[in-house]
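# Commentary on secondary and tertiary structure
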Amino acid sequence: MSARIISGTEIAAQIREELKKEVAELKEKHGIVPGLITILVGKNPASVSYVTGKQKTAHELGFYSLQDDQPENISEADLLKLIDKYNNDPKIHGILVQLPIPKHIDEKKVLNAINPDKDVDAFHPVNVGRLMIGGDEAKFLPCTPAGIQELIMRSGFETSGAEVVVVGRSNIVGKPIANMLLQKGKGANATVTVVHTGTKNLEAHCKRADILIVAAGVPHLVKPEWIKPGACVIDVGVNRVGEKISEKTGKTVPILRGDVDFDAAKEIAGAITPVPGGVGPMTITMLMKNTVTSAKMAAGIK
Ligand code: GUN
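Report follows, based on the coordinates. No experiment lies behind these values; they were computed from the predicted model shown.

Criteria and cut-off values
Residues numbered from 1 in each chain as written. Predicted model: local features only at pLDDT ≥ 70, side-chain atom pairs only at ≥ 80, totals over all residues. Heavy atoms only, no water. Helix = DSSP H or I, 4+ residues; strand = E, 2+ residues; numbered from the N terminus. Expected span 1.5 Å × (residues − 1). Buried < 20%, exposed > 50% of the residue type's maximum accessible area, 1.4 Å probe, protein only. Arc of directions from axis to C-beta. Polar contact = N/O pair within 3.5 Å; in protein donor to acceptor, adjacent residues only side chain to side chain. Core = buried A, V, L, I, M, F, W, Y, C linked by side-chain atoms within 4.5 Å. Contact = heavy atoms within 4.5 Å. Pairing = 2+ DSSP bridges. Axes fitted to C-alpha atoms, helices over the stretch in contact; angles between N-to-C directions. Salt bridge = Lys/Arg side-chain N within 4 Å of Asp/Glu carboxyl O. Near = heavy atom within 4 Å. Areas by Shrake-Rupley, 256 points an atom, 1.4 Å probe, with all protein chains shown as cover. Nonpolar A, V, L, I, M, F, W, Y, C, P; charged D, E, K, R; others polar. Parallel < 35°, antiparallel > 145°, perpendicular 65-115°, else oblique. Lys, Arg positive; Asp, Glu negative; His and termini not counted.

### Observations concerning helix H2 (residues 45-60)
Since there are 3.6 residues in each turn of an α-helix, residues three or four apart along the chain are aligned in direction. Its 16 residues give H2 an end-to-end C-alpha distance of 23 Å, which sits within 8% of 22 Å, the value for a rise of 1.5 Å per residue. Buried residues of H2: Ser-47, Val-51, Lys-54, Gln-55, Thr-57 and Ala-58, and no others. Seen along its axis, H2 keeps its buried residues to an arc of 165°; they face one direction. H2 presents Pro-45 and Lys-56 as exposed residues on the side facing more than 90 degrees away from its buried surface. Where H2 begins, one side-chain oxygen reaches toward the backbone nitrogen of Ala-46, 2.9 Å away; that side chain belongs to Asn-44. Gly-62 sits one or two positions beyond H2 and adopts a positive phi of about 90°.

Below you can see the structure in the form of structure tokens.
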């Protein structure tokens, strides 16, 4: 039987509708407008495209939202000064510096300079620590893991007591999603295993998973025989494996491939996310959610 397709595109649209209403209500009842600044250093085409998507969504939701483009050769000191300016701007509730940044700038210094209460990426060590503690302590959840958790919950999978296997241990996806799913509480309380490049028998671990989350960055790493029949499979991989001409626009577009062999896996899994259209659309949406949370926190609204 073919798996149910978990559409990130549809679930993200649903959450954006909810956020749009919340933003309108915040404006009407409290006179608050969530403010987001995205800082882009240089002109990396993928980064330009990501930042444009973030700004477009923020405007659609009714945010006060600005794009701050900086030249490739900006000094570290000037970038830190810029962050400080937004740290002290009461109209701005969320600050995002698009990564990667040029090599002459220390990424750690930049991320650590963002006020943790405006760190809507949740990359600051204070927010990483808050996430580890869990419960009310976690102010912002990192966007991709938060999107994964929403996809699992909104597609009706029970996480409590489930065997979850996470493939990959990155700071952006693997480590935080593992931490989030092992906390006590809704959409969590799972038994979590993290596997990585040092793991001896990847296949055996994956086969035990009721929920398999793959964020390895290796195209088609997970084969259909690694999947437990009926499992929920979340594919975080977005690997560019070539280029093609889009039938719609006639433009050259990348060919994207997930970390899971989708066509074969969908015959075994109970539900699976496609690439593209799975986890991807959720990431921007959760950034918007964090910005709304930050605006409410700044105003002392629960
Ligand atoms: N570059 C690629 N993904 C991200 C992200 O989620 N946040 C930031 N700041 N940069 C990125």
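### Topic: the nonpolar core
By size, the foremost hydrophobic cluster in this structure holds 46 residues, and its most contacted members are Phe-63, Ile-148, Ile-213, Ile-234, Val-236 and Met-288. Only helix H1 (8-30), helix H6 (143-154), strand E5 (163-167), helix H7 (174-182), strand E7 (211-214), strand E8 (232-235) and helix H10 (280-298) provide two or more residues apiece to this core. Among the elements that take part in this core, H10 stands out by supplying 7 residues, more than any other. Aside from chain neighbours lying at most four places away, what touches Ile-234 is Ile-6, Ile-148, Leu-151, Ile-152, Leu-212, Ile-213, Val-214, Thr-273 and Val-279. One finds Leu-212, Val-222, Ala-265 and Ile-272 within the second-largest nonpolar core, a separate group that totals 19 residues.

### Things to note about the sheet that holds strand E3 (residues 64-70)
Sheets are built from strands that pair by backbone hydrogen bonding, the pairs being arranged parallel or antiparallel. An order of E3-E2-E4 is seen for the 3 strands of this open sheet, with the pairing classed as parallel. Each edge of the sheet is formed by a strand with only one pairing partner; in this case those strands are E3 and strand E4 (94-97). When the angles between neighbouring strand axes are averaged without regard to direction, this sheet yields 15°. Sheet analysis places strand E2 (residues 35-41) next to E3, joined by 7 bridges and oriented parallel. In the strand pairing of E3, Leu-36 is matched with Ser-65. On top of the sheet, helix H3 (residues 76-87) reaches E2, E3 and E4; it is set at about 175° to E2, its chief contact.

### Thoughts on the pattern of salt bridges
Taken as a whole and assessed by the stated rule, the structure comprises 13 salt bridges. Ionic pairing is found between Asp-117 and Arg-130, a salt bridge with its closest N-O pair at 3.2 Å. Linking Asp-117 in the loop between helix H4 (107-113) and helix H5 (125-133) with Arg-130 in helix H5, this pair joins segments that are 13 residues apart in sequence. When its relative accessible area of 15% is taken as the criterion, Arg-130 is described as buried. Close ionic contact of Glu-150 with Arg-154 constitutes a salt bridge, the shortest N to O distance being 2.7 Å.

### Focus on the site of the ligand
Neighbouring the ligand are the residues Leu-96, Val-97, Gln-98, Leu-99, Asp-121 and Phe-123. Note that a nitrogen atom of the ligand is positioned 2.8 Å from one of the backbone N or O atoms of Val-97. Isolated, the ligand exposes 280 Å² of accessible area, and the fraction of that covered by the protein chains is 79%. Its residues assigned to classes, the shell around the ligand comprises 4 nonpolar, 1 polar and 1 charged.

### Some thoughts on the sheet that holds strand E11 (residues 271-272)
With parallel pairing, the 6 strands of this open sheet are ordered in space as E1-E11-E8-E7-E5-E6. In the strand order of this sheet, the two ends are held by strand E1 (4-5) and strand E6 (191-195), each with one partner. In this structure, E8 lies alongside E11, joined through 2 bridges in parallel fashion. From the neighbouring strand, Cys-232 faces E11, where its bridge partner is Ala-271.

### Digging into the packing of H6 against H10
The contact between H6 and H10 brings their axes to 8 Å, and the two run at 105°. Between H6 and H10, the angle is such that the two are roughly perpendicular. Of H10, the residues touching H6 (which contributes Cys-143, Thr-144, Ala-146, Gly-147, Glu-150 and Leu-151) are Met-282, Thr-283, Met-286, Leu-287, Lys-289 and Asn-290. Its residues assigned to classes, the contact of H6 with H10 comprises 6 nonpolar, 4 polar and 2 charged.

### Notes on the packing of H1 against H6
In contact at an axis separation of 11 Å, H1 and H6 are set at 100° when each is read in the N-to-C sense. With respect to their mutual orientation, H1 and H6 come out roughly perpendicular. Packed against H1, whose contacting residues are Gly-8, Ile-11, Gln-14, Ile-15 and Glu-18, the element H6 presents Glu-150, Leu-151 and Arg-154 at the interface. Classifying every residue of the contact of H1 with H6 by side-chain character gives 3 nonpolar, 2 polar and 3 charged.

### What to know about the side chain of Asp-89
Along the polypeptide, Asp-89 turns up in the loop between H3 and E4. Here Asp-89 sits buried without a salt bridge, and the closest side chain of opposite charge, Lys-91, lies 4.2 Å off (N-O distance). Within the structure, the side chain of Asp-89 is placed 2.9 Å from the backbone nitrogen of Lys-91, a separation counted as a polar contact.

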